[in-house]
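Residue-level structural notes
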Amino acid sequence: MMRLLTAALACGLLALGSMALAYPTLIGPTGQAVIPTAEIAPAFLTVAGDYRNLPAGTSFPVRALVTPLSSLEVGALYDPYDDEALLEEAWSANAKIQALEIFGGETAVGAIFRRETDRADFDTDYWQGYFAWTSDFDREFDTTNIVLTWGVNWTQLEFANGVSEEAVRGFAGLRLLFANGVTLAGEYQTKASDLGDADPLTSAVIRVHLGENFALEVGTTNAIGLVTESTHRLFAGAEFTFGGGGEWPTQRRW
């Protein structure tokens with residue numbers, strides 16, 4: 001039933017399609033493909049859904065972000081898996097608040113809780129806290145062609161048997177903005193073998209903003225939830241912003 005409701009929600013969103021510069025990551029908070037940035041989602045409600053190819057089966061992570069204040073976003077994720085996948089479902093909650101401006105960039109701190117349930121009904125919990133710095137380097141423009149993010153996160157993994165692991169990982173991302181409403185982003189996060197990372201996280205994503213409140217994305221990543229595998233797999237989806245959004249900047253260096 002939950003999967004049917006999720007599919008119905010996705011279809012409804014596609015029918016409502018109506019350019020938000022901030023986009024929910026595959027794990028929930030505003031950011032690049034997977035890593036969070038110091039940006040905050042536009043008010044009031046941002047919803048995104050993607051189709052994900054997995055090592056076994058597929059999933060459809062649906063994310064929602066609410067921005068009650070210009071410096072605060074809170075959100076949730078529900079990720080149903082098909083019958084061929086190793087997991088039954090996953091859900092998470094997240095929050096992010098912007099802090100001080102440092103070296104010409106915005107800073108933010110955030111937290112994520114994620115629970116994954118496997119076919120045997122065992123839960124695996126993830127706790128993550130992170131710091132992110134994001135800058136477009138040029139305050140004379142609404143935004144520039146190049147946006148840089150770097151940061152660090154602490155992640156704890158807790159298995160159903162009570163065994164837990166934790167690690168600190170650094171991350172960085174680069175995003176290019178084009179005047180036609182297209183963004184191209186790449187990202188990197190260091191490997192934490194204790195958490196089960198097979199390789200460092202690497203992703204690339206293209207996002208196309210088709211209106212003030214509607215964007216599409218397609219990309220590739222080796223991330224699965226908050227850990228990584230060795231193979232990169234495709235994802236594609238859409239984002240909708242209700243009660244917010246904004247015009248795509250017209251001032252450009254290029």
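Small disclaimer: the values here were computed from a predicted structure and weren't measured. (Residues numbered from 1 in each chain as written. Predicted model: local features only at pLDDT ≥ 70, side-chain atom pairs only at ≥ 80, totals over all residues. Heavy atoms only, no water.)

**So, the nonpolar core**
Membership of the largest hydrophobic core comes to 18 residues, with the highest contact counts inside it found for Ile 27, Ala 33, Val 34, Tyr 126, Leu 195, Val 205 and Phe 235. Listing elements by their share of this core, those giving two or more residues are strand S7 (123-135), strand S11 (201-209) and strand S13 (227-242). Here Val 34 is in contact with Thr 25, Leu 26, Ile 27, Glu 187, Leu 201, Ser 203, Thr 221 and Ala 223, once residues within four sequence places are set aside. In terms of nonpolar packing, the next biggest core, distinct from the first, is built from five residues, Leu 54, Tyr 81, Ala 85 and Leu 87 among them. (Core = buried A, V, L, I, M, F, W, Y, C linked by side-chain atoms within 4.5 Å. Buried < 20%, exposed > 50% of the residue type's maximum accessible area, 1.4 Å probe, protein only. Helix = DSSP H or I, 4+ residues; strand = E, 2+ residues; numbered from the N terminus. Contact = heavy atoms within 4.5 Å.)

**A few points about the side chain of Glu 217**
Within the element layout of this structure, Glu 217 appears in strand S12 (residues 214-224). Residue Glu 217 is classed as buried on the basis of its relative accessible area of 4%. There is a polar contact of 2.8 Å between the side chain of Glu 217 and the side chain of Arg 207. Here Glu 217 is in contact with Tyr 23, Leu 26, Asp 50, Arg 63, Val 205, Ile 206, Arg 207, Phe 235, Ala 236 and Gly 237, once residues within four sequence places are set aside. (Polar contact = N/O pair within 3.5 Å; in protein donor to acceptor, adjacent residues only side chain to side chain.)

**Here we look at the packing of aromatic side chains**
Within the structure shown, the criterion is met by five aromatic pairs. Considering the side-chain rings of Trp 133 and Trp 150, the 6.1 Å spacing of their centres and the 35 degrees angle between planes classify their relative orientation as tilted. On the criterion of sequence distance, the pair formed by Trp 133 in strand S7 and Trp 150 in strand S8 (residues 146-158) is long-range, its members being 17 residues apart. Given a relative accessible area of 42%, Trp 150 falls into the partly exposed group. Three or more aromatic residues link up through ring pairs in this structure, and these residues are Trp 91, Phe 113 and Trp 127. Taking NZ or CZ as reference, Arg 207 lies 4.1 Å from the ring centre of Tyr 23, over its face. (Phe/Tyr/Trp six-rings, centres within 6.5 Å; stacked < 30°, edge-to-face > 60°. Lys NZ or Arg CZ within 6 Å of the ring centre and 35° of its normal.)

**Remarks on the confidence of the model for the protein**
With 85% of its residues at a pLDDT of 70 or more, the protein has an overall mean of 86. Scored below 50 in pLDDT, residues 1-20 shows 42 contacts in the model against residues more than four places distant or in partner chains. Residue range residues 246-254 is modelled with pLDDT below 50. Its contacts to residues more than four positions away, or to other chains, number 33 contacts. (pLDDT = per-residue confidence, 0-100.)

**Regarding the pattern of salt bridges**
In this structure the tally under the stated criterion is eleven salt bridges. In this structure, the salt-bridge partner of Lys 96 is Glu 73, at a minimum N-O distance of 3.9 Å. Of this pair, Lys 96 sits in strand S5 (residues 87-102) while Glu 73 sits in strand S4 (residues 72-80), and the two are 23 residues apart along the sequence. Judged by its relative accessible area of 1%, Lys 96 is buried. (Salt bridge = Lys/Arg side-chain N within 4 Å of Asp/Glu carboxyl O.)

**Points about the environment of Glu 239**
Within the fold, Glu 239 resides in strand S13. Look at Glu 239 and you get buried, because its relative accessible area is 0%.

**Things to note about a nonpolar patch on the surface**
Side chains of Trp 127, Val 152, Trp 154 and Val 168 sit close together on the surface and give an oily, nonpolar patch of about 370 Å² of accessible area. Structurally, the position occupied by Val 168 is in strand S9 (residues 164-177). With relative accessibility at 58%, the residue Val 168 sits in the exposed group. (Patch = residues over 30% accessible without salt bridge, like charges linked within 9 Å, V, L, I, M, F, W, Y side chains within 5 Å. Areas by Shrake-Rupley, 256 points an atom, 1.4 Å probe, with all protein chains shown as cover.)

**Here we look at the pairing of S8**
As defined by bridge partners, S7 adjoins S8 across eleven bridges and the pair is classed as antiparallel. Note that in S8 the partner of Phe 131 across the bridge is Val 152. If you look at the hairpin formed by S8 and S9, you'll find five residues sitting between the two strands, and Gly 162 has a positive phi there, around 95 degrees. (Pairing = 2+ DSSP bridges.)

**A closer look at the side chain of Glu 116**
Considering the arrangement of structural elements, one finds Glu 116 in strand S6 (residues 105-118). Look at Glu 116 and you get buried, because its relative accessible area is 8%. Of note is the side chain of Glu 116, whose polar atom sits 2.9 Å from the side chain of Arg 114.

**Observations regarding the pairing of strand S1 (residues 45-53)**
Relative to strand S3 (residues 62-69), S1 runs antiparallel, the two sharing five bridges. Pairing of Val 47 across the sheet is with Ala 64, part of S3. Bridge analysis of S1 against S13 gives eight bridges, and the strand direction is antiparallel. Bridged to Asp 50 within S13 is Gly 237. When S1 meets strand S2 (residues 58-59), the two strands line up antiparallel, connected through two bridges. Across the sheet, the residue bridging to Asn 53 is Thr 58, located in S2.

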